[in-house]
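This is what each chain is made of:
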Amino acid sequence: MQTIRVETPSAKYDVVAGSGLVETLARRIERVAGKLPRRVFVLTSAPIWGLWGEVFQASFAEPPIVLFLPPGEENKTIKNVEGLLREMARAGGDRGSLLIAFGGGIVGDVGGFLASIFMRGIPYVQVPTTFLAQVDSSVGGKTGVNLPEGKNLVGSFYHPLAVFADIGVLATLPERELRAGLMESVKAGIIRDRALVRFMEEHAEDVLGRDPKALEKVIAASIRMKAGVVNQDERERGLRMILNLGHTVGHALEQATGYKTLLHGEAVGWGMVAALHLARQRGTISRAQFERLENLVHLYGPLPALKLRVPKVVGATVGDKKNVGGVTRFVLPVGIGDAGVVEDVTPAELEAAVGYMLAQAAERHSR
Ligand SMILES: NC(=O)c1ccc[n+]([C@@H]2O[C@H](COP(=O)([O-])OP(=O)(O)OC[C@H]3O[C@@H](n4cnc5c(N)ncnc54)[C@H](O)[C@@H]3O)[C@@H](O)[C@H]2O)c1
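All values derive from a computational prediction rather than experimental measurement.

Reading the values: rules and limits
Residues numbered from 1 in each chain as written. Predicted model: local features only at pLDDT ≥ 70, side-chain atom pairs only at ≥ 80, totals over all residues. Helix = DSSP H or I, 4+ residues; strand = E, 2+ residues; numbered from the N terminus. Rg over C-alpha atoms; globule rule 2.2 N^0.38 Å. Buried ≥ 20, exposed ≤ 12 C-beta atoms within 10 Å, placed from the backbone. Contact = placed C-beta atoms within 7 Å. Core = buried A, V, L, I, M, F, W, Y, C linked by C-beta atoms within 7 Å. Domains from an automatic or database assignment. Pairing = 2+ DSSP bridges. Axes fitted to C-alpha atoms, helices over the stretch in contact; angles between N-to-C directions. Near = placed C-beta within 6 Å. Nonpolar A, V, L, I, M, F, W, Y, C, P; charged D, E, K, R; others polar. Expected span 1.5 Å × (residues − 1). Parallel < 35°, antiparallel > 145°, perpendicular 65-115°, else oblique. Left-handed = near helix turned anticlockwise from the far one by under 90°.

A. Layout of the overall build of the protein chain. Each helix and strand in the protein chain was counted, giving 14 helices and 11 strands. By the compact-globule yardstick of 21 Å for 367 residues, the protein chain fits well, its C-alpha radius of gyration being 20 Å. If you line up the protein chain on its principal axes, its C-alpha atoms span 60 × 40 × 40 Å. The burial tally for the protein chain puts 47% of its 367 residues in the buried class. At a minimum sequence separation of 6, the contacts of the protein chain that also span at least 24 residues come to 75%.

Below you can see the structure in the form of C-alpha cells.
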C-alpha cells in the first residue's frame, strides 16, 4: 500500500493506492472525516454496483444512500446533475452530508461536481474503479460535466477529502479499458519519470496480467507524478499543462470520431505518437528515444484503427478548449522524463505529425 500526499494552496489530502481498500472503506473514511454523518451518499453506476456493491456496503454499519448515474459519457450532463441533487435533497441531505464517488472517471467527475455545489459544497471521497480514474481523473480536483457544445465545459476545482484507489476492483475491468488507462501511465513516465518508463518496458506482462504488485507500482508512480505536478500548479496556469501530452491530437481524434469509437486513453495513445513524431522532427528527443517511446505506447496497445484523413484531424485540433486565443498548444517530450509546452507549431508540422500517426495506424492494421 502506498500513500501519496496532495498539497495545493486549497487542499491537503492523501491518495492511497493498494489492495483491500473497499473492504475497509468506512473505517478509512472515518479516519480522515471523523465519525460518519447521518447521510452518507454513494454515487455509482448500476454495472459497478452490481459487481462491487456488496463488498462496498459490508464495511458500513448504516448502509449509505445509493445514487445511480447511468453509464456512458452521454450521461455526464447538467440534467442528470439536477436529478441527483434533487434526490439528495429529498433524501434529507444537508451540509453535514458526505458523498462517495464509486466508479470510473465519469462517476468521479459528476460526483465531485455534485459535492461541490450541493448546499454550496459538502465533503466527498473518491473511490475510483477504473485504471484511468485511479491514476488520473480522481487526483487533482477537476470535476464537471459536458455540454452539447463540448466536453467538460462546466465544472469546478474541488478536491476530495481522500482518494482510495483499490487495485482489487480492477479485477473486473474489461481488458480494453485497462490498456486504455495504461496510456496515462505511459504518459506519466514520458513526461516526468524515467524509472516508470523502464519499469513499464520491463514488466509489461506482469502489468497487463494484473499482478497486484506490478499494478500498485505503476499506479502509485503515476499518481505521484500527477500529484507532484498539481501541487505546483493547481489551476493549470503553467506546469500542469504538461499533463496534456498526447491530448492536442487525442482530443481532435475523439471529436472527429464523435466520441463513439475511441476510448479516451486510446485517443491519447495515438496523440502521443503524433507528439513523439513532432518532438523527433524538432530534435527534443533523439531517434533512439523516439523508437523506444513509440514502442512503449504500442506495447500497451493495440491502439484501434483510425479511419480518418489528415485535414479532418488537423481541423479538429483548432476547436480544442485548451487552445487559448487560437494558439495550438503542444506538449513535447524533452528526452525521457521531461516535457515542455510549445505554442509555435506550424500547420505544416501539425500536418506532418498527424500524417505520420495516420500512416502508422493504417500500417499496423494492415498487417
Ligand atoms: N477530472 C479529471 O481530471 C479527468 C481526467 C481524465 C479523464 N476524466 C474524465 O474521465 C472520464 C472517463 O473515465 P473512465 O475512463 O474511467 O470511464 P468510465 O467512467 O466510463 O468507465 C469505463 C467503463 O468501465 C466500467 N467500469 C468501471 N469500473 C469498473 C470495474 N471495476 N469493473 C468493471 N467495469 C468497470 C464503467 O461502467 C464504464 O462502462 C471522462 O468523462 C473524462 O472526461 C477526468
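B. View of the nonpolar core. L43, L99, I100 and A275 are the most contacted members of the largest nonpolar core, which totals 108 residues. Viewed by domain, this core spans two of them, domain 1 (2-172) and domain 2 (175-364), each represented by three or more residues. In this structure I100 touches V40, V42, P64, Y124, V125 and V127, once residues within four positions along its chain are discounted.

C. How the structure looks around the sheet that holds strand β9 (residues 162-166). In space, the 7 strands of this open sheet follow the order β1-β2-β9-β6-β5-β3-β4, with mixed pairing throughout. Each having just a single partner strand, β1 (2-7) and β4 (65-68) make up the two edges of the open sheet. Here the strands of the sheet are splayed against their neighbours by 20 degrees on average, with no regard to which way each runs. In terms of strand pairing, strand β5 (residues 98-103) meets strand β6 (residues 124-128) through 5 bridges, oriented parallel. Each bridged residue has a counterpart across the sheet, and for A101 the counterpart in β6 is Q126. Sitting on the sheet, helix α2 (residues 46-58) is in contact with β3 (40-44), β4 and β5, with an inclination near 115 degrees to β5. Strands β3, β5 and β6 of the sheet are contacted by helix α4 (residues 105-117), whose axis makes an angle of about 170 degrees with β5.

D. Representation of the site of the ligand in the model. G104, G105, T129, T130 and S137 are the nearest of the 28 residues found near the ligand. Looking at the shell around the ligand, the elements with two or more residues in it are α2, α4, α5 (131-137) and β8 (150-157). By residue class, the composition of the shell around the ligand is 10 nonpolar, 11 polar and 7 charged.

E. Expanded view of the domain arrangement of the protein chain. Taken domain by domain, the protein chain holds domain 1 (2-172) and domain 2 (175-364). Each partner contributes residues to the interface: domain 1 has 28 residues there, and domain 2 has 26 residues. Among the elements of the structure, β1, β2 (12-18), α5 and β8 are those that each provide at least two residues to the side of domain 1 that touches domain 2. Split by residue class, the side of domain 1 that touches domain 2 holds 15 nonpolar, 9 polar and 4 charged.

F. Examining the environment of P70 more closely. Inspection of the secondary structure assignment puts P70 in the loop between β4 and α3 (78-90). Judged by local crowding, P70 falls into the exposed class, with 11 C-beta atoms found within 10 Å. Residues P70 and V107, spaced 37 residues apart in sequence, show a C-alpha to C-alpha distance of 9.2 Å.

G. The arrangement of unusual backbone geometry in detail. Residue P302 is reached from G301 by a cis peptide bond, and omega for that bond is 5 degrees. By the element assignment, P302 lies in the loop between α12 (287-299) and α13 (310-318). At R210, a residue that is not glycine, the phi angle is positive and equals roughly 60 degrees. With respect to the helices and strands, the residue R210 is situated in the loop between α8 (204-208) and α9 (212-232). Overall, the presence of 15 C-beta atoms within 10 Å leaves R210 in the partly exposed class.

H. Molecular detail of the environment of V107. Note on placement: V107 falls in helix α4. With 31 C-beta atoms counted inside 10 Å, the residue V107 sits in the buried group. In this view, V107 contacts L43, T44, S45, L69, A101 and F102; residues no more than four positions away in its chain are not counted.

I. Local environment of helix α11 (residues 264-282). Taking 1.5 Å of rise per residue, the 19 residues of α11 would be expected to cover 27 Å, and the 27 Å separating its terminal C-alpha atoms lies within 8% of that figure. Most of α11 sits out of view: 17 of its 19 residues are buried. Where α11 terminates, the next one or two residues include G283, which has phi positive at roughly 80 degrees.

J. View of the environment of G93. Take G93: it is sitting in the loop between α3 and β5. Judged by C-beta crowding, with 24 C-beta atoms within 10 Å, G93 ranks as buried. Considered as a pair, G93 and R179 are 86 residues apart in the sequence and their alpha carbons are 38 Å apart.

K. The packing of helix α6 (residues 175-192) against α9, seen in detail. Relative to each other, α6 and α9 sit at 55 degrees, their axes nearing to 9 Å. What the angle tells us is that α6 and α9 run oblique. For the element pair α6 and α9, the recorded crossing hand is left-handed. Facing E184, S185, A188 and R192 of α6, the residues of α9 in contact are V218, A221, S222, M225 and K226. Its residues assigned to classes, the contact of α6 with α9 shows 4 nonpolar, 2 polar and 3 charged.

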